[in-house]
Amino acid sequence: MDHFLYKNGALHAEDVPLSEIAATVGTPFYVYSTATLLRHFQLFDEALAGLDHLVCFAMKAASNQAILRTLAQAGAGMDVVSGGEYLRAKAAGVPGDKIVFSGVGKTRPEIDLALTGGIRQFNVESEPEMETINAAALALGVVAPITIRVNPDVDAKTHAKIATGKSENKFGIPISRAREVYAQAARLPGLQVIGIDVHIGSQLTDLAPFEQAYQKVAELTQLLRGDGHDIRRLDLGGGLGIPYARDNQAPPLPLDYGAMVKRTLGHLGCEIEIEPGRLIAGNAGLMVSQVIYLKSGEGRDFLILDGAMNDLIRPAMYEAYHDIIPVNEPAPGVPAAKYDIVGPVCESGDTFAKERLMPPVRPGDLVAFRSAGAYGAVMSSEYNSRPLIPEVLVNGDQFAVIRPRPSFDEMINRDTIPAWLL
Ligand code: LLP
C-alpha cells in the first residue's frame, strides 16, 4: 500500500497534487511519501515483534538525508556499504551503534572511519578483509565487533544481476568453510565474533529461498556454538520483493516473512537484524516526468519523455518493469493506447517500456513512474550532461525539496581545467 492516489482527478502524493510540485521544481523529479516510508518500516518492526531485533534500512536503496532522518527518528538502524554511506548515516543522526557495515571490499580508510566513529558490527566478507579489520582495530586500540557473511549456496530465483547467495557469486565465504574461518577469526585479538550474516539477493518474491538459507544459518549457529563461539546476533540481510506491476501476484508480506524468521530461528535466542531497502523505499517514491513529444513510427507510437535512463536506470539495466500512469486521472472507459515509452538519451537502451498499454496522453502531460523510490535517485547520473533531477519529500499537505536540481553552471563547474590548458 502507498499514499499516491488520485483525488479529484489528479494524482497526489499524500495530500499534495503532483502538478503543484511539478510547477515548483520542474520535471523530471523524484517524490517520496513520508507516511509510506514510515508504514513500511513499521511493518517490519511489527513483523519481528517478540524477538530482540533491529531493522537496519539498506540505505543504498535511497540515501537522501531527509529520508534517512525520517527513518532514523522512527528507530531504524542503517546498513551501509561505503565510507560515504557511513558518513551520510551519521550526518542524518544515526548513532554508530545502530550502523552495520556490509560490502565485499571495505578499504582500510573506511574501516578506520567506522572504528573511530563507532559501529554496531562489520559484516565480514573474506579472510583478507578480516585481517585488515583486525589490524585496523589493533592500531586504534579497540576491538571490532564482527559477523561473518556466509554464502549459503541458495538460488534466490531473482534477476541474475541482483542474486548474491549462490556459490558462484562474489559474496561472503562458502558456508562449508564457515567453521574454519570462524576459528581463524577467534584467534585475532582485534576482533570480537558476535554472530552470523547472510544476504541472498534482492527482489525475492517467494519465501522459500529465504527459509532454506535461514535453516542453514540455524544449523551453523548450533555448530559454531558447539565450537565455543558466542553467536548472539543473526543479520539476515534484505531482499524481500515488492509488487512492481499492480496486476501481478503480490510478493509475501513482511508479516509472513517475520513469521518464517520466528519459525526457523526464533528458538536460538539470538538478536535478529534485517536489512530491507527496496520494501521500505520502493513504493514510497515516484519519478514524475513530462511528455515532450508523441512520435508516430512504423507500426508504433513513441512517447518521448523528459526523463531518461540516466534518471531511472532500472529498465535499461535489469529489464525492470515500472508502472507508468498519467498524473491526470483518465476518464473511465477511455480506451488504452499502445506506446513505446522512451527518454531523449542517445541510445536505444533508453527505453522505459515497449508496447505499453496506457490511457492516451498528450505532449505537456505529466506521467508518474511508480515504485521508483528504491534504486532510483541513488543510481542516477548526469549522462548526456543532464543535471541530476531533484528529490522532494511530502509529509501530509507539506512538501520540501530535499535535493535541488543543480544549475547547468554548477554541473559544468565541477570540472577543473589543468594549468596547461589555460
Ligand atoms: N543487504 C545487503 C548486503 C545488500 O547487498 C542489499 C542489496 C540489501 C541488504 C538490500 O536489499 P533489498 O531489501 O533492497 O532488496 N540496484 C538493484 C538492487 C541491488 C541490490 C543490492 N543489494 C535494483 O535496482 O533492483
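Basis of the calculations
- Residues numbered from 1 in each chain as written.
- Predicted model: local features only at pLDDT ≥ 70, side-chain atom pairs only at ≥ 80, totals over all residues.
- Heavy atoms only, no water.
- Salt bridge = Lys/Arg side-chain N within 4 Å of Asp/Glu carboxyl O.
- Buried < 20%, exposed > 50% of the residue type's maximum accessible area, 1.4 Å probe, protein only.
- Helix = DSSP H or I, 4+ residues; strand = E, 2+ residues; numbered from the N terminus.
- Pairing = 2+ DSSP bridges.
- Near = heavy atom within 4 Å.
- Polar contact = N/O pair within 3.5 Å; in protein donor to acceptor, adjacent residues only side chain to side chain.
- Areas by Shrake-Rupley, 256 points an atom, 1.4 Å probe, with all protein chains shown as cover.
- Nonpolar A, V, L, I, M, F, W, Y, C, P; charged D, E, K, R; others polar.
- Contact = heavy atoms within 4.5 Å.
- Arc of directions from axis to C-beta.
- Axes fitted to C-alpha atoms, helices over the stretch in contact; angles between N-to-C directions.
- Parallel < 35°, antiparallel > 145°, perpendicular 65-115°, else oblique.
- Left-handed = near helix turned anticlockwise from the far one by under 90°.

What follows deals with the pattern of salt bridges. Inspection of the entire model under this criterion finds 19 salt bridges. With a closest N to O distance of 2.4 Å, Asp-230 and Arg-232 form a salt bridge. A relative accessible area of 35% places Arg-232 in the partly exposed class. A salt bridge links Arg-386 to Asp-311, with the nearest nitrogen and oxygen atoms 2.7 Å apart. Of the two residues, Arg-386 sits in the loop between strand S19 (366-369) and strand S20 (391-395) while Asp-311 sits in the loop between strand S15 (301-305) and helix H11 (314-318), which places them 75 residues apart along the sequence. Residue Arg-386 is classed as buried on the basis of its relative accessible area, which comes to 17%. Here the salt bridges share partners, and the residues they tie into one network are Arg-120, Arg-233, Glu-271 and Glu-273.

Judged by how many residues are buried, S20 sits mostly within the fold: 4 of 5 residues are covered. Relative to S20, strand S4 (residues 29-33) runs parallel, the two sharing 4 bridges. In the sheet register, Tyr-30 faces S20, and the bridge partner there is Glu-391. In this structure, the hairpin formed by S20 and strand S21 (residues 398-403) is closed by a connection of 2 residues, where Gly-396 is found at a positive phi of approximately 65 degrees.

All right, on to the site of the ligand then. Neighbouring the ligand are 18 residues, the closest being Ser-202, Glu-275, Arg-278, Arg-314 and Tyr-375. Lys-60 places a side-chain nitrogen or oxygen 3.4 Å from an oxygen atom of the ligand. Protein contacts shield 91% of the accessible area of the ligand, which totals 590 Å² for the unbound molecule. Each residue belonging to the shell around the ligand can be placed in one class, and the counts come to 6 nonpolar, 6 polar and 6 charged.

Before going further, it helps to spend a moment on the environment of Gly-190. Here Gly-190 is to be found in the loop between helix H7 (178-186) and strand S11 (191-197). The exposure class assigned to Gly-190 is buried, which follows from its relative accessible area of 0%. Each C-alpha atom of the pair Gly-190 and Leu-140 lies 9.5 Å from the other, and the pair is 50 residues apart in sequence. Dropping the residues within four chain positions of it, Gly-190 is found in contact with Asn-134, Ala-137, Leu-138, Val-142, Val-143 and Ala-144.

Among all positions in helix H5 (residues 108-117), only Glu-110, Ile-111, Ala-114 and Leu-115 are buried. On an axial view of H5, the arc spanned by its buried residues comes to 130 degrees, and they lie on one face. In H5, the exposed positions angled more than 90 degrees off the buried face are occupied by Pro-109 and Thr-116. In this structure, the buried side of H5 is in contact with helix H4 (83-91), strand S7 (99-101), strand S8 (121-124), helix H6 (127-140) and strand S9 (144-151). Downstream of H5 by a residue or two, Gly-118 has a phi angle that is positive, lying close to 100 degrees.

Let us now look at the packing of H4 against H5. Remark: H4 packs on H5, axes separated minimally by 9 Å, with the N-to-C direction vectors making an angle of 25 degrees. Relative to H5, the element H4 lies roughly parallel. Considering how the two elements wind past one another, H4 and H5 form a crossing that is left-handed. Contact with H4, carried on its side by Gly-83, Tyr-86, Leu-87 and Lys-90, involves Glu-110, Leu-113, Ala-114 and Gly-117 of H5 and no other residues of that element.

Another point: the side chain of Asn-310. Within the secondary structure, Asn-310 sits in the loop between S15 and H11. Only 3.1 Å separates the side chain of Asn-310 from the side chain of Asp-311, close enough to count as a polar contact. In this structure, Asn-310 is in contact with Val-345, Met-379, Ser-380, Ser-381, Glu-382, Tyr-383 and Arg-386, ignoring residues within four places of it in sequence.

Moving on, we come to the packing of helix H3 (residues 65-73) against H4. The geometry of H3 relative to H4 is characterised by a closest axis approach of 9 Å and an angle of 60 degrees between their N-to-C directions. Between H3 and H4, the crossing angle belongs to the class labelled oblique. The crossing of H3 and H4 is right-handed. Here H3 contributes Gln-65, Leu-68 and Arg-69 to the contact with H4, which in turn contributes Arg-88, Ala-89 and Ala-91. Counted by class, the contact of H3 with H4 contains 3 nonpolar, 1 polar and 2 charged residues.

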